[in-house]
Amino acid sequence: MVILGDDAQRVKDRDAQSHNIAAARAVAEAVRSTLGPKGMDKMLVSSMGDVTVTNDGVTILQEMDIDNPTAEMIIEVAETQEDEAGDGTTTAVAIAGELLKQAEDLLEQDIHPTAVIRGFNMASEHARAEIDEIATDVDASDEELLRKVAETSMTGKGAELNKELLSQLIVDAVSAVTVESDGESIVDLDYVNIETQTGSSASASELLDGAVISKDPVHPDMPSDVEDADILLIDEPIEIDEADVDTQLSVDSPDQLQQFLDKEEAQLKEKVEQIVDSGANVVFCQKGIDDMAQHYLAKEGILAARRVKKSDIGFLKELTGARIVSNLDTANEADLGSASIRRDDDEELFYVEGNNEESHGVTLLLRGSTEHVVDELERGLTDALDVVSQTVADGRVLAGGGAIEVELASRLRDYADSVSGREQLAVEAFADSIELIPRVLAENAGIDPIDTLVDLRSVHEDGDANTGLNVFGGDIEDTFEGGVVEPAHAKEQALASASEAANLVLKIDDIISAGDLSTEGEEDGGPGGPGGAPGGMGGMGGMGGAM
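We now turn to the structure provided with this report. As the structure is a computational prediction, the values presented were derived from the model and not from experiment.

Conventions we followed
- Residues numbered from 1 in each chain as written.
- Predicted model: local features only at pLDDT ≥ 70, side-chain atom pairs only at ≥ 80, totals over all residues.
- Heavy atoms only, no water.
- Pairing = 2+ DSSP bridges.
- Helix = DSSP H or I, 4+ residues; strand = E, 2+ residues; numbered from the N terminus.
- Axes fitted to C-alpha atoms, helices over the stretch in contact; angles between N-to-C directions.
- Contact = heavy atoms within 4.5 Å.
- Salt bridge = Lys/Arg side-chain N within 4 Å of Asp/Glu carboxyl O.
- Buried < 20%, exposed > 50% of the residue type's maximum accessible area, 1.4 Å probe, protein only.
- Polar contact = N/O pair within 3.5 Å; in protein donor to acceptor, adjacent residues only side chain to side chain.
- Core = buried A, V, L, I, M, F, W, Y, C linked by side-chain atoms within 4.5 Å.
- 1 Å grid on protein atoms, 1.4 Å probe; cavity = no way out; pocket = protein on both sides within 12 Å on 5 of 7 lines; lining within 4 Å.
- Points joined across faces, edges and corners; volume = space filled by probe spheres on them.
- Arc of directions from axis to C-beta.
- Patch = residues over 30% accessible without salt bridge, like charges linked within 9 Å, V, L, I, M, F, W, Y side chains within 5 Å.
- Areas by Shrake-Rupley, 256 points an atom, 1.4 Å probe, with all protein chains shown as cover.
- Lys, Arg positive; Asp, Glu negative; His and termini not counted.
- Charge placed at Lys NZ, Arg CZ, Asp CG, Glu CD.

Some thoughts on the sheet that holds strand S8 (residues 206–209)
Working step 1: Ordered in space as S7-S16-S8, the three strands form an open sheet in which the pairing is mixed. Either end of the sheet is taken by a strand with one partner, and the two such strands are strand S7 (192–198) and S8. Neighbouring strand axes in the sheet, compared pairwise and without regard to direction, differ in orientation by 25 degrees on average.
Working step 2: Sheet strands in contact with helix H10 (residues 310–320) are S7 and strand S16 (362–368), and its direction is about 135 degrees off that of S7.
Working step 3: Relative to the sheet, helix H11 (residues 371–394) contacts S7 and S16, its axis offset from that of S16 by approximately 145 degrees.

Examining the pattern of salt bridges
When the charged atoms of two side chains lie near each other, side chains of opposite charge can form a pair.
Working step 1: Scanning the model with the defined rule gives 22 salt bridges in all.
Working step 2: Residues glutamate 144 and lysine 148 are paired through a salt bridge, measuring 4.0 Å at the closest nitrogen-oxygen approach. With glutamate 144 and lysine 148 both in helix H6 (residues 143–154) and four residues apart, this pair spans about one turn of that helix.
Working step 3: On the accessibility criterion, lysine 148 (21% relative accessible area) is partly exposed.
Working step 4: The network of salt bridges with shared partners includes Glu130, Glu133, Glu407 and Arg411.

Notes on the side chain of threonine 320
Working step 1: Among the structural elements, threonine 320 can be located in helix H10.
Working step 2: At a separation of 2.7 Å, a polar atom in the side chain of threonine 320 contacts the main-chain carbonyl oxygen of leucine 316.

What to know about the nonpolar core
Working step 1: One finds Phe120 and Leu506 to be the most contacted residues of the largest nonpolar core, which totals 68 residues.
Working step 2: In terms of residue count, the dominant contributor to this core is helix H4 (residues 89–108) (ten residues).
Working step 3: Leave out the neighbours within four places in its chain, and leucine 506 touches Gln17, Ile21, Leu100, Ala103, Leu107, Pro113, Val116, Ile117 and Phe120.
Working step 4: Among the nonpolar cores identified, the runner-up in size contains 42 residues, and Ala229, Ile238, Tyr296 and Ala298 belong to it.

Remarks on the environment of asparagine 193
Working step 1: Positionally, asparagine 193 belongs in strand S7.
Working step 2: Since its relative accessible area comes to 12%, asparagine 193 is described here as buried.
Working step 3: In the structure, asparagine 193 is positioned 14 residues away from leucine 207 in sequence and 9.9 Å away in space, judged by C-alpha atoms.
Working step 4: Leaving out residues up to four positions away in the same chain, asparagine 193 has contacts with Asp312, Phe315, Val362, Thr363 and Leu364.

Comments concerning the sheet that holds strand S20 (residues 485–487)
Working step 1: On the basis of which strands lie adjacent, the open sheet formed by three strands has the order S4-S17-S20 and antiparallel pairing. The open sheet has two free edges, formed respectively by strand S4 (136–137) and S20, since each of these has just one partner strand.
Working step 2: Bridging between strand S17 (residues 396–399) and S20 involves three bridges; their strand directions are antiparallel. Bridging across to S20, alanine 399 finds its partner in valine 485.

Looking at the layout of surface pockets
Working step 1: Counted as a void, the largest pocket has a volume near 810 Å³.
Working step 2: Along the walls of the largest pocket sit 42 residues, with Gly36, Pro37, Thr152, Ser153 and Glu486 positioned nearest its centre.
Working step 3: For the lining of the largest pocket, the secondary structure elements donating two or more residues are H4, H6, helix H14 (436–444), strand S18 (467–470), S20 and helix H16 (488–506).
Working step 4: Among the elements that line the lining of the largest pocket, the one with the most residues is H6, at five residues.

A closer look at H10
Working step 1: The set of residues buried in H10 consists of Asp312, Ile313, Phe315, Leu316, Leu319 and Thr320. Along the axis of H10, the buried positions cluster into a sector of 165 degrees, meaning they face one direction only.
Working step 2: Taken from the residues just after H10, glycine 321 is the one with a positive phi, measuring 80 degrees.

Thoughts on a negative patch on the surface
Working step 1: On the surface, a cluster of negative charge is made up of Asp209, Asp225, Glu227, Asp228, Asp230, Glu333 and Glu353.
Working step 2: Residue contributions to the negative patch peak at three residues, all from strand S10 (residues 226–234).
Working step 3: Overall, glutamate 227 belongs to the exposed group, its relative accessible area being 62%.

Focus on unusual backbone geometry
Working step 1: Although it is not a glycine, aspartate 110 sits at a positive phi angle of roughly 65 degrees.
Working step 2: Examined against the element boundaries, aspartate 110 turns out to sit in the loop between H4 and helix H5 (113–134).
Working step 3: What makes aspartate 110 exposed here is its relative accessible area of 60%.
Working step 4: One non-glycine residue with positive phi stands out, namely arginine 307, at about 50 degrees.
Working step 5: Looking at where arginine 307 falls in the secondary structure, it is placed in the loop between strand S12 (303–305) and H10.

Side note on H14
Working step 1: With seven of its nine residues buried, H14 lies for the most part within the structure.
Working step 2: Within H14, the full set of buried residues consists of Leu436, Ile437, Pro438, Val440, Leu441, Ala442 and Asn444.
Working step 3: Note on H14: the residue one or two positions beyond its end, glycine 446, has a positive phi of about 75 degrees.

Here's what the structure looks like:
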């Protein structure tokens, strides 16, 4: 009985599993070479010609032109890791790909997917429990250790030449927005804003109290510096309301035209009078400000900036305590915020420093030589901010450089001996999978991965849980003492996300598609699945062009 349409395709059982595993592994392979301080960058060119140069895992996966449901599941792993931990996206995706590679070997041994999934779940839970035991507690006031966490996160992301300065800025920024509540440290990154400027070195980056607004006064006669300013934030234009439909105006005489212009001028003057009546002497407007309104505002001695970014308006709201006004008819003194305004004409920036005791907003002003440099710097510092804030909130850190992965693999193999049934093989496969991280770190640094892994296993067997790979010197050493420190929460999240994604893929045994499942890569041996696995990427032809 035929129940599917003429164009539909169906792949079942082992072929479906191979198809999905191939797609997931291809995504993991795409970002593996970016892992670690010695990882390489990717150049991503959009259909509009926009160029992004980065080694940030989640950025690469989001920018790639991927059209495959299984591959998109793996991208969700990276996005979840980014949202929950701020860093470790490449690690999570690489482990997910390796888990599926190991799972495919088990499936070929006629081990049922359900047994593999149970084994992976058991291994993941045990590994996360071991992480908690291995982790070192860190105090929120331990600036030196927090700087090491920030430096580890930034290394290899375009910020390492100035990582000492930038890591101190990160720690200072997190400290400025951290509050203690019931014995816990709570970090509110909504009070940290990042602004970028091109034309100078990253070493000129700085942390500023308050906000930085890259705008000019709308009128040259307006004041540039205002102490104890009363600030009004507006998200409607200070302009004449336009009709919703096309209209035509017939004018019979110059007097009628003048009356019309006078009416418009009166409406603009009324809007300015509403601002004056509210008590504001500084206005930040998200939309436009009419030329005539600019003139009247300048006459009243009010400083105004127009077309301020929505994100900046939101940050000013948090910083100054102002309310965002959508209708000037309702604007009053209660809507105003308080801050001091200072203008830097050379940099063409407004510095806004909140006057309220509760104001604790800060701005990281990042500088770089070009747009590409400063964009990658911003991505690196955003990750570092998230990592340090998670470390402060979670209070646990681990040794980096592959140390934790080798230690976990050793403990999982010991744990596997106590597991009965075929799940034991899945637990051992999980242990082999997480050892991918030190192998790839070595490979990306031009170091023999096999020799590195053998040496690391030997040292960990002797009980040194903090020994990892120094990718700069190629030595096996105590990476915790060497300053390579990672947050425990990020590692736990990476293992959880990777195992859940792998299990989701393994549970699929039937693919029913309304269209064609094949790709160009399958026909010509191009970008199909690794090792020529059936099904290739299933529509990931666009990925080759993005790389």
